[in-house]
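Architecture at a glance
Residue-level listing of the chains:
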Amino acid sequence: MPAAPPDPGRTATRLVGLGLAAACTALLVSLLTGSASISAWDVLRLLWIDDGTVDDRIIDQLRLPRTLSAFAVGGALSLAGTLMQVLLRNPLGDPYVLGVSGGASVAVLAGMLLGLPILWLHPLALAGAFASMLLVFALASRHDDPDNRRLLLTGIVMAAGWSALIGLVLSLAPPLQLPGMLFWLMGDLSAAYSPGLLLAALGLGLAASLALAPQLNLAAFGLRQAAALGVDPRRLRLQLYLLASLLTAVAVTSAGAIGFVGLVTPHLARLLGASDHRLLLPVATLLGGALLTLADTAARTLIAPAQLPVGVLTALLGVPVFLWLLRREPRL
Amino acid sequence: MTPLLRAEALSLRHEDRGLLEALNLSLMPGQCWVVLGPNGAGKSTLLETLAGLRAPNEGEVHLHGRPLGDFRPRERARQIGLLLQQDGTGLHNSVLDLALTGSYPRKRHWWDTPEEIFAAHRALEQTGLGERAGQTTDTLSGGELRRAQIARLLVQDPTVALLDEPLANLDIAQQARIAHLLKDRFSGPDRVLMMVLHDLDLALTLASHCLLLDGSGAWLAGPRQEIASERHLTRLFGQPVRREASGHLVIDWETTS
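Residues numbered from 1 in each chain as written. Chains lettered and ligands numbered in written order. Predicted model: local features only at pLDDT ≥ 70, side-chain atom pairs only at ≥ 80, totals over all residues. Heavy atoms only, no water.

For chain B, the count of helices and strands is 9 helices and 12 strands. In summary, chain B has a C-alpha radius of gyration of 19 Å against a globular reference of 18 Å for 257 residues, a match within 12%. Taken over the C-alpha atoms alone, chain B extends approximately 55 × 40 × 35 Å along its principal axes. By residue count, 54% of the 257 residues in chain B fall in the buried class. Here chain B has roughly 11300 Å² of accessible surface; of this, 49% comes from carbon and sulfur atoms. Averaging the positions of the 27 positive and the 32 negative side-chain charges in chain B gives two centres separated by 4 Å. (Helix = DSSP H or I, 4+ residues; strand = E, 2+ residues; numbered from the N terminus. Rg over C-alpha atoms; globule rule 2.2 N^0.38 Å. Buried < 20%, exposed > 50% of the residue type's maximum accessible area, 1.4 Å probe, protein only. Areas by Shrake-Rupley, 256 points an atom, 1.4 Å probe, with all protein chains shown as cover. Lys, Arg positive; Asp, Glu negative; His and termini not counted. Charge placed at Lys NZ, Arg CZ, Asp CG, Glu CD.)

This paragraph deals with the interface of chain A and chain B. The interface of chain A with chain B comprises 34 residues on the first partner and 38 residues on the second. Interface area for chain A against chain B, summed over the two sides, is near 3000 Å², with a carbon-plus-sulfur share of 62%. For chain A, the biggest contributors to the area lost against chain B are Phe221(A), Leu229(A) and Arg278(A); these three give 24% of the whole. On inspection of chain A and its partner chain B, the count reaches 2 salt bridges. Salt-bridge contacts for Arg278(A) lead to Asp112(B); the nearest nitrogen and oxygen are separated by 2.7 Å. Counting only elements with at least two residues in the side of chain A that touches chain B, the list comes to α3 (54-87), α8 (195-219) and α9 (223-228) of chain A. (Contact = heavy atoms within 4.5 Å. Buried area = accessible area lost by both parts, 1.4 Å probe. Salt bridge = Lys/Arg side-chain N within 4 Å of Asp/Glu carboxyl O.)

Residues and elements named next belong to chain A. If you check helix α6 (residues 149-172), its first and last C-alpha atoms are 35 Å apart, about what 24 residues at 1.5 Å a residue would give, namely 34 Å. Within the span of α6, buried status applies to Leu151, Leu152, Thr154, Gly155, Met158, Trp162, Ile166, Val169 and Leu170. Lining the buried residues of α6 we find α3, α4 (100-113), α5 (121-140), α7 (178-186) and α10 (233-255). (Expected span 1.5 Å × (residues − 1).)

Moving on, we get to unusual backbone geometry. Residues and elements named next belong to chain B. One non-glycine residue, Ala22, lies in positive phi territory at about 45 degrees. With respect to the helices, strands and loops of the structure, Ala22 is situated in strand β2 (residues 17-27). The backbone of His64 shows a phi angle near 50 degrees, a positive value even though the residue is not glycine. Positionally, His64 belongs in the loop between β4 (58-63) and β5 (66-67). With relative accessibility at 37%, the residue His64 sits in the partly exposed group.

Below, the discussion takes up the confidence of the model for chain B. Mean pLDDT over chain B works out to 91, with 100% of the residues at or above the 70 mark. Of the two predicted TM-score estimates for the complex, the pTM is 0.89 and the ipTM is 0.90. (pLDDT = per-residue confidence, 0-100.)

Our focus in this paragraph is the nonpolar core. Counting residues in hydrophobic clusters, the biggest one holds 74 residues, and the most contacted among them are Val73(A), Leu83(A), Leu151(A) and Ile258(A). Element by element, the count of residues in this core is highest for α3(A), at 11 residues. Residues contacting Val73(A), with those up to four places away along its chain left out, are Leu189(A), Leu198(A), Ala251(A), Ser254(A), Ala255(A), Ile258(A) and Leu292(A). Among the nonpolar cores identified, the runner-up in size contains 50 residues, and Leu100(B), Leu140(B), Leu206(B) and Val241(B) belong to it. (Core = buried A, V, L, I, M, F, W, Y, C linked by side-chain atoms within 4.5 Å.)

Structure representation (structure tokens):
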């Protein structure tokens, strides 16, 4: 039976609605969950009113920033993953495949090993991410590379190099420092940047990606074909690479290398019916934000007062959802 | 009359190998060119160069009398359409998504206008894929995918259409149908069509002009009647070509060289 042509307008409304609903639910669940029991009514009230009580400070200074950080980091990773998958035209693309997180991790772990003050870690991570980003692009960009295979290979090899260095640092580290390092590697939102900064970065990244979306729809069929239709392939490649890497750098430097979200939420959005990038980018961003927010809620409450690394929980939550969707979809 | 597209002293090389030396070629409105030559003769490289995706090693390409390099990419894509020999299937995109990408060169809005969507549906119907619009491209057969890519070219609606083996993977009936569609749409009074084909019979039926490339630099271009002779084609293909009593040129498949 021929598939009925989808009505793009209705699909868009449905999917954006779904994404927004998921995002709002996740934000609410996260705000309502915590070791102090605060009623839903109070939570909603205290978001807007400052009454100086302990509950007010818990909401305004602990739960709200953490929730918004988780959302922004999840959204940024998911957006970066979507961009990477078009850039590499490879469904296995994720924010980390080109080594950005590896560079950040090595810099941070080296900093920890040397006993540098904690304040240095964010700038160090950022510097590591940038160094890796520039190195990969400089090494890969000289040649005619319509499918970006050279970029992918260079990135993967660089990532392998970084992960060897991570192993080296871990094996040299004194046992007392190991838990902190491992926690950072698995992703941890407790020391995230200010949520305002993260949300601003995510908003800018999403706006820039949306502006490129019509070109991304072409690039999904190959950069050479896109070039034949009037896209400047070198420029688009540079824009995509920079955007995806910057978003990844922001996410990784604030929360460590949280896996899974960036790889899987773009597929999740596609499985739900968003293939056009004008729709895919915002939907994937919303779903990624929602997924990480939920995972982080679980991470900070399941074994409270101790915390689990959030990266572990994103995968634990995401894997069954994704497998279920994949089973329903006969082809991908 | 200015040619729509003109190659001037165009030379192409692949690494150290010279593919084509000093090609002069004028594509005039209404013509239908067929490019013939053995594998690796530089046919695809030539099409990509004429479409502005690749700079020539020497010489220049002019579009409407202006050097191709002076055009901005999108401006160029409104005039020149290129169907690549190898083309991808996208990332879980629908057949309609694929056809819609053809509207990019003329796109004025971020969203798709009803006219663009209508044009994409119509092009899919013309290529016999009207029923497939909602399917993802990876569910199509090779021939259907080819036709979807041709639908994209119909949406793009260029004045110069360059097609690299457009009929590969199509069954006989579809070959005939698409060949006529292409000729009707792209060799009208203000348009020109150039195709790389391997089927000699089909090539000589469709062509008004032929370009023969032997892959070592030599070339021969002109009206079909002058160029498509037993002698030229036999030398080009390395396989005997003879003229039958009906006047048709056919390949002698019995002999092996």
